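Okay, here's what each chain looks like letter by letter:
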Amino acid sequence: MSLKKTALDKDLRWHKRMDAGLGETASISAKLGLALVFLLACSAFVGIHMGGLPQSGFLIAAAVIGGYMALNIGANDVANNVGPAVGSKALTMFGALVIAAIFESAGAIIAGGDVVGTIKNGIIDPSQMPDGQTFVWAMMAALLAAALWLNLATWVGAPVSTTHSIVGGVMGAGMAAVGMDAVNWPTMGKIAASWVISPVLGGVIAAAFLAFIKFRILYTEDRVSAARKWVPILVGVMISAFSMYLMMKGVKKIWKADASVIVAIGIAAFFLTVFPVRKAVLRASQTMTGRRKEIASLFRIPLVVSAALLSFAHGSNDVANAIGPLAAIVSGVDSGEVVTSAHIPVWVMVIGAVGISAGLILFGPKLIKTVGSKITKLDPIRAYTVALSAAVTVIVASALGLPVSSTHIAVGAVFGVGFLREILSHRRRQDPQPMLVTTTDVAQANPHIEALRQIDPNEARKVEKKLRKRLLVRRRYAVTIATAWVVTVPAGAFLGALLFFTIRGIML
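Residues numbered from 1 in each chain as written. Predicted model: local features only at pLDDT ≥ 70, side-chain atom pairs only at ≥ 80, totals over all residues. Heavy atoms only, no water.

### Brief notes about the overall build of the protein
Logical step 1: Within the protein, the secondary structure is distributed over 19 helices and two strands.
Logical step 2: Scored against the burial criterion, the 508 residues of the protein give a buried share of 55%.
Logical step 3: Pairs at least 24 apart in sequence give 84% of the contacts found in the protein among residues at least 6 apart. (Helix = DSSP H or I, 4+ residues; strand = E, 2+ residues; numbered from the N terminus. Buried < 20%, exposed > 50% of the residue type's maximum accessible area, 1.4 Å probe, protein only. Contact = heavy atoms within 4.5 Å.)

Given below as structure tokens:
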């Protein structure tokens, strides 16, 4: 009887796994189908409105590739903006997708500007392009190369810089079209430096804010009083930082303010925030007993606000990675010349804005989960420091003239928070909940520990300590992400060169 039951249980489990696999396959197929519908809509729109123009087929292909690039930006890069809020459960996945989609589109359409640079970061010299046709081929190759690399990075679960992806594509296509002399190597050196500067600076700043919160609030005897004192100031710092961040990155294409105005706006935002937040914290803390979750709940609303503001700033900036080369192709086909800046047609901006939002909704959850929960465990306090670091690091780096990447900053901040947790956990600081990875978690992760404990308790404690510490930051994600960052520009360059030769071979 038990054998039959065991066989039946195995059969049921097999069918359950099969049903889950079929459901996941159906979901992926549906998402790919919707993405294909968006790309077909892009091609149909351009075909209807520009079918009579010279090289209309080329423009249709460019529109589809631009839409494909926008989908991949949404699937990969937007995760950095909302991942910490989702991982800390300040936002649900659905709520994060809705907020990010709205504010990404708003940022792109409202503050994306009406003119875009066609040669990203000035990495190649456009004057060396022999003719407009070669320039158009190079932009087409660069755009497709960046989109393909982003697609691959998303598939392996690595958040990478979309800017570095398009930089690599432009560099490779430019070298294939003109030669090595066309590349601005000092600029490429600064980009390479950002691979180290961005994550390290972001991680250090996030860890510093988290350490401040721990020692000033969480490790005090009266957490509620400490929260009443410091949380309004911390929220004021966040709003001040984001006000300056938006002035520097979010609306710079429609209003370029000087440094003094930006600082004045930041100071005003701080004082306008502190006093109302202090009243709100006093009301919210009336029934608090000082538990960590209660203190963490005070950071939920600031996290939601930060996710929206980061998405707006990202939409206004990174939409150019999709529409910049596309606008260059449209302008180059129209004029037959090499263009260093191009007017953005409304339909090009719409493709970029809608494509980013569609990519986020369809494929974004994978990397949102990676950034928000798979690297290290986040709660609202830790997620707050990650979001704040994203703004503060950009401000500090801009003031010091350091090259940084917002993607690398955000992910580096998550790692910085995780490694600080390891340090404090290892030192066993005085915290009512110092070990966030419990003995039960460790035992479940390695069932041999309990058996080892019966044989050699000392050795079991050593293994348990090492495993507990390791689990606070998952090293395999660090290796995967760091590798992807380092190879992004070279991979984009290789694909850009290969695709340029392919396009030229087809067109000639």
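Still to come is the rest of the account.
### Some thoughts on unusual backbone geometry
Logical step 1: Although it is not a glycine, Lys89 adopts a positive phi angle of roughly 70 degrees.
Logical step 2: With a relative accessible area of 66%, Lys89 lands in the exposed category.

### Quick look at the pattern of salt bridges
Logical step 1: Evaluated as defined, the whole model comprises four salt bridges.
Logical step 2: The shortest N-O distance in the salt bridge between Asp379 and Arg292 comes to 3.0 Å. On the criterion of sequence distance, the pair formed by Asp379 in the loop between helix H13 (365-374) and helix H14 (380-400) and Arg292 in helix H10 (residues 292-297) is long-range, its members being 87 residues apart.
Logical step 3: In this structure Asp379 comes out as buried when scored by relative accessible area, which is 13%.
Logical step 4: Here Arg292 falls in the buried class, since its relative accessible area comes to 7%.
Logical step 5: Between Arg475 and Glu422 there is a salt bridge, with the nearest N and O atoms lying 2.4 Å from each other. (Salt bridge = Lys/Arg side-chain N within 4 Å of Asp/Glu carboxyl O.)

### Remarks on the packing of helix H6 (residues 162-177) against helix H19 (residues 475-507)
How two helices sit against one another is set out by the angle between their axes and by the gap between those axes.
Logical step 1: Running from N to C, H6 and H19 point in directions that differ by 45 degrees, and their axes come no closer than 6 Å. If you check the angle between H6 and H19, you find them oblique. Crossing of H6 over H19 shows right-handed handedness. Contacts between H6 and H19 involve His164, Ser165, Gly168, Gly169, Met171, Gly172, Ala173, Ala176 and Ala177 on the former and, on the latter, Thr488, Val489, Gly492, Ala493, Gly496, Ala497, Phe500 and Phe501.
Logical step 2: Of the residues contributing to the contact of H6 with H19, the split by class is nine nonpolar, eight polar and no charged. (Axes fitted to C-alpha atoms, helices over the stretch in contact; angles between N-to-C directions. Parallel < 35°, antiparallel > 145°, perpendicular 65-115°, else oblique. Left-handed = near helix turned anticlockwise from the far one by under 90°. Nonpolar A, V, L, I, M, F, W, Y, C, P; charged D, E, K, R; others polar.)

### Details of a positive patch on the surface
Logical step 1: The grouping of Lys366, Lys369, Lys374, Arg474 and Arg476 at the surface amounts to a positive patch.
Logical step 2: Among the elements that take part in the positive patch, H13 stands out by supplying three residues, more than any other.
Logical step 3: Among the structural elements, Lys366 can be located in helix H13.
Logical step 4: On the accessibility criterion, Lys366 (38% relative accessible area) is partly exposed. (Patch = residues over 30% accessible without salt bridge, like charges linked within 9 Å, V, L, I, M, F, W, Y side chains within 5 Å. Areas by Shrake-Rupley, 256 points an atom, 1.4 Å probe, with all protein chains shown as cover. Lys, Arg positive; Asp, Glu negative; His and termini not counted. Charge placed at Lys NZ, Arg CZ, Asp CG, Glu CD.)

### A word on the environment of Ser198
Logical step 1: Locating Ser198 in the fold gives a position in helix H7 (residues 185-218).
Logical step 2: For Ser198 and Pro403, which are 205 residues apart along the polypeptide, the C-alpha to C-alpha distance reads 7.6 Å.
Logical step 3: Apart from residues no more than four positions distant in its own chain, Ser198 is found in contact with Pro403, Val404, Ser405, His408 and Ile409.

### Considering the layout of surface pockets
Logical step 1: Its volume calculated, the largest pocket comes out at about 990 Å³.
Logical step 2: Along its surface, the largest pocket is lined by 45 residues, and Thr163, Lys249, Val404, Ser405 and Ser406 are the ones closest to its centre.
Logical step 3: Looking at the lining of the largest pocket, the elements with two or more residues in it are helix H3 (79-87), H6, H7, helix H8 (223-250), helix H11 (300-335), H14 and helix H15 (406-427).
Logical step 4: The element that contributes the greatest number of residues to the lining of the largest pocket is H11, accounting for ten residues.
Logical step 5: A per-class count over the lining of the largest pocket returns 20 nonpolar, 18 polar and seven charged.
Logical step 6: The volume enclosed by the second largest pocket comes to roughly 660 Å³.
Logical step 7: Taken together, 21 residues form the lining of the second largest pocket, with Ile28, Thr154, Leu362, Phe363 and Lys366 sitting closest to its centre.
Logical step 8: Elements that contribute at least two residues to the lining of the second largest pocket include exactly helix H1 (2-50), helix H2 (56-76), helix H5 (132-156), helix H12 (346-363) and H13.
Logical step 9: Broken down by element, the residue count for the lining of the second largest pocket peaks at eight residues, all from H1.
Logical step 10: Looking at the lining of the second largest pocket residue by residue, the classes come out as twelve nonpolar, four polar and five charged. (1 Å grid on protein atoms, 1.4 Å probe; cavity = no way out; pocket = protein on both sides within 12 Å on 5 of 7 lines; lining within 4 Å. Points joined across faces, edges and corners; volume = space filled by probe spheres on them.)

### Overview of the packing of helix H4 (residues 93-111) against H12
Logical step 1: The contact between H4 and H12 brings their axes to 9 Å, and the two run at 165 degrees. By the angle between their axes, H4 is roughly antiparallel relative to H12. Crossing hand, H4 versus H12: right-handed. Two secondary-structure elements touch here, H4 through Leu97, Ala100, Ala101, Glu104, Ser105, Ala108 and Ile109 and H12 through Met349, Ala353, Ile356, Ser357, Leu360 and Ile361.
Logical step 2: Broken down by class, the residue content of the contact of H4 with H12 amounts to ten nonpolar, two polar and one charged.

### Looking at the side chain of His314
Logical step 1: With respect to the helices, strands and loops of the structure, His314 is situated in helix H11.
Logical step 2: In terms of polar contacts, His314 uses its side chain to reach the side chain of Glu104, at 2.9 Å.
Logical step 3: Residues in contact with His314, not counting those within four places in the same chain, are Ile73, Asp77, Val78, Asn81, Glu104 and Val319. (Polar contact = N/O pair within 3.5 Å; in protein donor to acceptor, adjacent residues only side chain to side chain.)

Shape descriptors only; they carry no functional weight alone.
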